[in-house]
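# What the coordinates show
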Amino acid sequence: MGKNLVEKILKAHLVEGTLEPGNEIAIRIDQTLTQDATGTMAYLQFEAMGVDRVATELSVSYVDHNTLQDGFENADDHRYLQTVAAKHGIHYSKAGNGICHQVHLERFGRPGKTLLGSDSHTPTGGGIGMFAVGAGGLDVAVAMGGGPFYLTCPKVVKVNLSGKLKPWVAAKDVILAVLEMLTTKGNVGTVLEYGGEGVATLSVPERATITNMGAELGVTTSVFPSDAVAKAFLKAQKREQDWIVLEADTDATYDRVIDIDLGSLVPRVARPHSPDNIATVKDVAGTKVDQVMVGSCTNSSFRDLMIVASLLKGKKVHPDVSFGIAPGSRQVLEMIARNGGLADIIASGARVLESTCGFCIGAGQAPRTDAVSVRTSNRNFEGRSGTKSAGIYLTSPETAVASALTGKITDPRDLGIAYPEIAMPAEFWIDDSLVLPPSERPESITIYRGPNIGDPPKGEPLPDTIKGIVAIKVGDKITTDHIMPAGSRLKYRSNIPRYAEFVFEALDPDFSKQALENKKAGIHNVIIAGLSYGQGSSREHAAICPMYLGIKAVVAKSFERIHAANLINFGILPLIFANEADYDSLNAKEQIEISSIRAALQKGTDLTLRTAGGKAIAVTYSLSLRQKDILLAGGMLNYTRSRSG
Ligand code: MIC
Ligand code: SF4
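Every value quoted in this text rests on a predicted model; they were computed, and no experiment measured them. (Residues numbered from 1 in each chain as written. Chains lettered and ligands numbered in written order. Predicted model: local features only at pLDDT ≥ 70, side-chain atom pairs only at ≥ 80, totals over all residues. Heavy atoms only, no water.)

This brings us to the sheet that holds strand β4 (residues 58-62). Taking strand neighbours across the sheet as the criterion, the six strands line up as β7-β6-β3-β4-β5-β20 in an open arrangement whose pairing is mixed. Each edge of the sheet is formed by a strand with only one pairing partner; in this case those strands are β7 (131-134) and β20 (435-436). Here helix α2 (residues 36-48) sits on the sheet and contacts β3 (31-35) and β4; the angle it forms with β3, its principal contact strand, is near 115°. (Pairing = 2+ DSSP bridges. Helix = DSSP H or I, 4+ residues; strand = E, 2+ residues; numbered from the N terminus. Contact = heavy atoms within 4.5 Å. Axes fitted to C-alpha atoms, helices over the stretch in contact; angles between N-to-C directions.)

Assignment of secondary structure puts E590 in the loop between β24 (573-577) and β25 (591-594). E590 gets classed as buried once you look at its relative accessible area, which sits at 14%. Among the polar contacts listed, one links the side chain of E590 to the backbone nitrogen of N587, at a separation of 2.8 Å. Ignoring any residue separated from it by four or fewer positions in sequence, one finds E590 in contact with G468, I469, V470, S585, T611 and K615. (Buried < 20%, exposed > 50% of the residue type's maximum accessible area, 1.4 Å probe, protein only. Polar contact = N/O pair within 3.5 Å; in protein donor to acceptor, adjacent residues only side chain to side chain.)

Bringing the site of ligand 1 into the picture now. Close to ligand 1 lie 14 residues, the nearest being D119, S120, R493, S538 and R539. Residue R384 places a side-chain N or O atom 2.8 Å away from an oxygen atom belonging to ligand 1. The protein chains hide 97% of the 340 Å² of surface that ligand 1 would expose on its own. (Near = heavy atom within 4 Å. Areas by Shrake-Rupley, 256 points an atom, 1.4 Å probe, with all protein chains shown as cover.)

With that settled, the discussion passes to the sheet that holds strand β2 (residues 24-27). Spatial ordering of the open sheet is given by β1-β2-β8, a layout of three strands whose pairing is antiparallel. Whereas interior strands pair on both sides, the edge strands pair on one side only; in this sheet they are β1 (14-16) and β8 (149-152). Averaged over neighbouring strand pairs, the angle between their axes works out to 45° when direction is ignored. Pairing between β1 and β2: two bridges, direction antiparallel. Each bridged residue has a counterpart across the sheet, and for L14 the counterpart in β2 is I27. Contacts from helix α1 (residues 5-13) reach β1 and β2, with the element oriented near 55° to β1.

Once that is clear, we can look at helix α8 (residues 228-236). All of the buried residues along α8 are A230, F233, L234 and A236. Mapping the buried residues of α8 onto a view down its axis gives an arc of 160°, with all of them on the same face. On the buried face of α8, the contacting elements are α4 (100-107) and α7 (204-213). Capping the start of α8 is the job of one residue whose side-chain oxygen sits 3.2 Å from the backbone nitrogen of V229: D227. A positive backbone phi angle near 55° is found at K238, which sits one or two residues after α8. (Arc of directions from axis to C-beta.)

Quick look at the site of ligand 2 now. Every residue lining ligand 2 is accounted for by H65, H101, D119, H121, S296, C297, C357, C360, I361, N378 and R384. In terms of residue class, the shell around ligand 2 is built from four nonpolar, five polar and two charged. (Nonpolar A, V, L, I, M, F, W, Y, C, P; charged D, E, K, R; others polar.)

It is worth spelling out the nonpolar core at this point. F131, F504, F511, Y533, L573 and L575 are the most contacted members of the largest nonpolar core, which has 103 residues in total. With six residues, the single largest contributor to this core is helix α5 (residues 137-144). Contact partners of L573, with chain neighbours within four places excluded, come to L462, I466, K552, A553, V554, I597, L601, L623 and L631. Counting 55 residues, the second largest nonpolar core, distinct from the first, contains L33, L58, V289 and V372. (Core = buried A, V, L, I, M, F, W, Y, C linked by side-chain atoms within 4.5 Å.)

On to the packing of aromatic side chains. Taken as a whole, this structure holds seven aromatic pairs when the rule is applied. Aromatic pair F577 and Y583: ring centres 6.2 Å apart, planes at 85°, arrangement edge-to-face. This pair shows no difference in class: F577 is buried, exactly as Y583 is. Above the face of the Y583 ring, K473 is positioned so that its terminal group lies 4.2 Å from the ring centre. (Phe/Tyr/Trp six-rings, centres within 6.5 Å; stacked < 30°, edge-to-face > 60°. Lys NZ or Arg CZ within 6 Å of the ring centre and 35° of its normal.)

Within α4, eight of the eight residues are buried, which leaves it mostly tucked inside the rest of the structure. For α4, the full list of buried residues reads C100, H101, Q102, V103, H104, L105, E106 and R107. Considering only its buried residues, α4 is in contact with β3, β4, β6 (114-117), α7, α8 and α11 (330-338).

The next thing to look at is unusual backbone geometry. A cis amide bond, omega -5°, links P272 with the succeeding residue H273. Its identity as a non-glycine residue notwithstanding, T183 has a phi of 60°, on the positive side. Tracing the sequence through the fold places T183 in the loop between α6 (171-182) and β10 (190-195). The residue K477 is not glycine, and still its phi comes out positive at about 50°. The residue K477 is located in the loop between β21 (466-473) and α14 (480-483) in this model. Owing to a relative accessible area of 23%, K477 belongs among the partly exposed residues under this scheme.

Turning to the confidence of the model for the protein chain, a few remarks are in order. Taken as a whole, the protein chain shows an average pLDDT of 97; of its residues, 100% reach a score of 70 or greater. Between the elements of the protein chain, mean pLDDT differs from a low of 84, seen in helix α21 (residues 636-644), to a high of 99, seen in strand β5 (residues 91-93). (pLDDT = per-residue confidence, 0-100.)

Structure, rendered in structure tokens:
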């Protein structure tokens, strides 16, 4: 029987388990990437494993998130990352070189390879035919040490593309249409494989926009075939030797097939405050706009920036709009500088920002109170921009520029001008001088540790009885941005006690203080949550900091994949309501008890959560044997140590 693309790559990398959807499998990882916000902790954990040199084919450490440097912390972390990379065989991409996903696609991604990244948008690499997955830093550290990556063997859904996008309709509108169909919930354990004759009409950066924002669906990853278009892209990056042909067999089977006629799509927008709150741009056209931001790992390629530059040429940004543009990489910035596109952008009155994540993660460019901000990024969670009252609308670069010019949300088709056709360059501008290769004399490297860098906290073995309190009760779709805010707090990423002060900051400013007091008094803290808990980023701090605050379990209606794995890695028990309606009967601050946990996990039987008021609530779990052992040991580091000792 024919194989789909996903089966082909997984089969070639399988080290444990069988390829049956739902089974736990382990795969060999060829490449890893980290970024600085998750990287410091990942490398501290890697160091704790005592491995000298990475065992992967390629590992790259990018600095792209924490580049504001308001204080010594970020710069200290960068120096740590540079020295640790040089010593342990990792390439180091300096601040200014660009956003990890954009640079990795340009310079390192290879069809058919596996990529594990400590960032949820690692699936961007699926645009060039990689099986690219986001994970917590600890899982990436294990992969750098040569360990396999464990995941649930996914169901594969084919997105069958036909036709061709009409002028002014962009790749972003494709993924927004997919988000409209599938939403951000209920897609855990699925991979989207794109196919059909429409694929050939999309360039690699356009494909990467689609796979990038697949992260918002909660799927494991998304992948495109490696075809003549991929070959031309790699050739233009002077990497033709990295190309292989990789396509699904014609008789491949899928769990489900979704058909999208590219020619039928129209410009779309994700309205506040969720990437699946989709409307057509026409539906919201006319809404007055305060800010427009183009950039982020979703839409900051050469093609995207040239669309922006062409539309701005000879025009001025609307006086009421603050328009910022952050090119995705130095390659993009240098190319638009050399071809004059940058001059058109500057002349229009746009603000040119560094090639980093910046505004996307709330590190600068927070909009005004109650603002409407149109952005080309991938997440519009409440408060993520740095301004809680602001409403973020996610669109294509085309719609973003149209809105910057008119001062209101505008369907770009209504600009009444000819659509600029941007051809892919035959040759990209190549200068890898900001990627420092690892040292050939690692013994000569001393790792730099500034005062901001602390040791990762140690986990404690899972108690047999969790006896304590509902420390917080939260609703559906709680994101890791709610749990562990980034933005101006990012600089504390390497200092867990300090960063832990901000857990659930926006939902309950006293949470951290109270949880720590409970912990000191020997009271266990438990979180009660609704559907899809832990959406969004891969930041394992959303598990490490709660662990530090004495959280022992999260009881939710359902969990997102990366966050559930992070909870397990840090010894926090992810429990699921056997009956969702029981969620309603629990209250914040209620005293609770879950007993005989260790024996139940070993036997695989359900648990009962009892309240002081006499309620008995059945809770269950979805854990592999390995995950149970990790939890019983008190987290991945304890588990690894117990096995090697
Ligand atoms: C994000 O987009 O939320 C981030 C910041 O890139 C995170 C990683 C992090 O929190 O450091 C992600 O997507 O995984
Ligand atoms: Fe950076 Fe934003 Fe992409 Fe996250 S989503 S990697 S913050 S650009």
